[in-house]
Each structure stands twice: as C-alpha cells, then as structure tokens.
Amino acid sequence: GMPYKQWYQRRVREEDHILWRACDALYNFSISESNSGDPNKIEAVKKEVYDMGTVKAAIPHLSSPDAATRRSSVMLINSLAQLEETKADIREKEVVAALINLLKPDEGVMTHEHASKCILTIADQYASKALILESGGVELLVNLINDPDPLVQQYTLETIALLGEDCECRISLNDSNVIAPLLEILMSDYPVIQALSLRVLYIVCQEECVRTSVKEVNGLETLLKLITDEELTDLHEGVIEVVGVCMLDTDQLDSMKDSGCLLTLATYITSANPSGQLNALRAVSTCSRKEENAGYFMTTR
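The following refers to the structure shown. (Residues numbered from 1 in each chain as written. Predicted model: local features only at pLDDT ≥ 70, side-chain atom pairs only at ≥ 80, totals over all residues. Heavy atoms only, no water.)

The next subject is the overall build of the protein chain. On a plain count of helices and strands, the protein chain comes out with 20 helices and zero strands. Dimensions along the principal axes, computed over C-alpha positions, put the protein chain at roughly 90 × 45 × 35 Å. For the protein chain, buried positions account for 49% of its 301 residues. Considering only intrachain contacts with a sequence separation of at least 6, the fraction spanning at least 24 residues in the protein chain is 66%. Summed over its atoms, the accessible surface of the protein chain is roughly 15200 Å², and 52% of this surface lies on carbon and sulfur atoms. In the protein chain, 27 side chains carry a positive charge and 46 a negative one; their mean positions are 4 Å apart. (Helix = DSSP H or I, 4+ residues; strand = E, 2+ residues; numbered from the N terminus. Buried < 20%, exposed > 50% of the residue type's maximum accessible area, 1.4 Å probe, protein only. Contact = heavy atoms within 4.5 Å. Areas by Shrake-Rupley, 256 points an atom, 1.4 Å probe, with all protein chains shown as cover. Lys, Arg positive; Asp, Glu negative; His and termini not counted. Charge placed at Lys NZ, Arg CZ, Asp CG, Glu CD.)

Take a look at the structure:
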C-alpha cells in the first residue's frame, strides 16, 4: 500500500481542503443578506453564524500552514468583525499577532484585504494599538500603503490614522519611514486615497520628529506643487493644513524660504478662491503665533 508519510500528507491536504471550503461556505452565508439593505436582517444572519462558535473555531486557523485556510479563516472572521462579540475575541493578544502576521508580503491580496480590515476594526482602542505596535504591525502597515489593491490601501491608511492619534505610534511610524509612501500615494487615481493620505500626514505631523522627516525628503515642495495644480483643487485644503503644521518649526520656514516654497504659498494666498485664501491665512497665523516665527514673517515679507 501507500507509505504512511504519503498517506498522512494526503489526509492533511484533504482536511485543509474541507476546512477552507467550510470557512468559505460560512463566509458566504454570513454576507448573504448584505444586499438586502435591511440592517436588522444583516445583523441577524451574522449573529446566527457567530453563535455557532465560528469565530473561536476559526481563530487558530489564521496561523495554518495552508495559505487557502488562512485566507478563508480571516475572510470569515472579518465578515463578522462588526459584531461587538467578535471585536472582543479579536482584541486578544495572540489574535492580534496572528492578524498582523497576515499582512506579510507573501500573503495574497484577499488575505491582506480582510486582515487589514479586521485590524482597522480594533485599532480605535489604546490597548489594541499597543498590541499592534508590540506585534511589529506598524512596519507591515507602512509597507502596505502602496499596495496595488486600493481597498488594502484604504484600510491601511484608515488604521494608520487611528494609530497616529497616539504619540508612541507616531514615533514608531516615523521610524518605519511612513512619510515617503504617504507622499507617493498622493498621486493615486482615487480621490478617497489622496484625501486619506493628507489626513494621515496631518495627524502624524503633530510629532516634531515626523516634521523633520518631511523636511529631509523635501516633502513640503512635493505638497506645495499640488496647490499650483488647478485640477487638484479638492486637495488644496488638506495640503495647506499639512503645510501649516510643518511651518510650526522655524528651521522648516528657513528651508521653505530657500526652496521657494514660501513664495509658492504667498502666490497661492493671492490667487486662490476665498475659502482657499482663508485656509492658507489661518495656517500662516497659527504658525506666526510662535514667538520665534512671528518676527520671521515681519522680516521676510
């Protein structure tokens, strides 16, 4: 007959096949009412699937050696992630670590999409942020900012926006070189991604070390180029907000003067529409409230 090892490997493959097929079937059932438009029906189906014990049963398989099993397990868990009961389950330390692991580059796009959405679901709480940080999640999230899949980009940016509310996370994001990919993705074809990128820049630039990184990669020049582009008027307000935060640092003002960025900003103030002008003047006035900056505007008019 067949040697034992061969027989065993075949059995494992068959079991994996059964396992991911079962997860797929439960996933499809859990989203079966999604198009009904009835929130009560949608919730009831998800609750029914959760009450079968599916989330607790699927969690160990997030770390399965089989890629298809990992993918279908995270899809199933994510389909139920809006339930408070599921959130409590996935806030556990080892579950966060398993989800972070699924952001690694060798996982497939569906795995990335559902794992990043799961992480987004819990990234609003301080304890979960700490676990994401501890599991090495920040670096993996930064790597996904420029993922080819726009949904992965969106969930990643939304997660980073939540993490960025915390000082320790901002420093960790800076250590993971978050600025370059954020500036790069401003050129996205998707307005929602561009707007998110600016929102994240604004949040992380509250930290001085991040503003220094912006300066080191000539980030303000990249940003201010956008306000000279008439086709990108939707982004101008967000750009000015980020530039305004960066202008809090006097040495940033020096480099803006040398690179011609201050002139670009001044030109914008004279030529923008009224709300754009107001926004830019607000940024300048915030910046000049700082004593060492106030004299700067007097002398460089």
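Right, let's talk about the pattern of salt bridges for a bit. Side chains carrying opposite charge are able to pair once their charged atoms draw close together. In the structure shown here, the tally under the stated rule is eleven salt bridges. In this structure, Lys56 engages Asp89 in a salt bridge whose closest nitrogen and oxygen atoms are separated by 3.0 Å. Residue Lys56 is found in helix α3 (residues 54–58), and its partner Asp89 is found in helix α5 (residues 84–90); the two are separated by 33 residues along the sequence. Look at Asp89 and you get buried, because its relative accessible area is 10%. The shortest N-O distance in the salt bridge between Lys93 and Glu134 comes to 3.1 Å. Within this pair, whereas Lys93 is found in helix α6 (residues 93–101), its partner Glu134 is found in helix α8 (residues 126–134), the two being separated by 41 residues in sequence. Pair check on accessibility: Lys93 and Glu134 agree, each one exposed. Taken together, the salt bridges that share partners define one network made up of Lys47, Asp51 and Glu85. (Salt bridge = Lys/Arg side-chain N within 4 Å of Asp/Glu carboxyl O.)

Further remarks concern helix α17 (residues 250–259). Within an α-helix, residues lying three or four positions from one another point in the same direction, as the helix has 3.6 residues per turn. Every buried residue of α17 is listed here: Gln252, Leu253 and Met256. Taken down its axis, α17 places every buried residue within 100° of arc, on the same side. Of the residues one or two after α17, Gly260 is the one with positive phi, at around 90°. (Arc of directions from axis to C-beta.)

It is worth spelling out α6 at this point. Among the residues of α6, those classed as buried are Val95, Val96, Ala98, Leu99 and Ile100. Each element contacted by the buried residues of α6 is listed here: α4 (67–79), α5, α7 (109–122), α8 and α9 (137–144).

Attention now moves to the side chain of Arg70. Mapped onto the elements, Arg70 comes out in helix α4. Of the residues examined, Arg70 reaches a relative accessible area of 17% and is grouped as buried. If near-sequence neighbours (up to four positions away) are discounted, Arg70 is found in contact with His61, Leu62, Ser64, Pro65, Leu102 and Glu107.

We now examine the nonpolar core. In this structure, Leu201, Leu223 and Met256 are the most contacted members of the largest nonpolar core, which totals 86 residues. Apart from the residues lying within four places of it in its own chain, the contact partners of Leu223 are Leu183, Leu186, Leu198, Leu201, Val239, Val242 and Val243. (Core = buried A, V, L, I, M, F, W, Y, C linked by side-chain atoms within 4.5 Å.)

In this fold, Ser275 is placed in helix α19 (residues 274–288). On the basis of relative accessible area, Ser275 is assigned to the exposed category, the value being 54%. Expressed as a C-alpha distance, the spacing of Ser275 and Glu237, which sit 38 residues apart in the sequence, is 8.7 Å.

A separate point is the side chain of Ser72. By the element assignment, Ser72 lies in helix α4. Residue class for Ser72 comes out buried when judged on its relative accessible area of 0%. What Ser72 contacts, discounting residues up to four positions off in sequence, is Trp20, Cys23 and Asp24.

Right, let's get into the environment of Val45. Within the secondary structure layout, Val45 lies in helix α2 (residues 39–51). For Val45, a relative accessible area of 10% translates into the label buried. Remark: the alpha-carbon pair of Val45 and Ser32, spanning 13 residues in sequence, is separated by 7.8 Å. Once residues lying within four places of it in the same chain are set aside, the contact partners of Val45 are Phe29, Ser30, Ser32 and Glu33.

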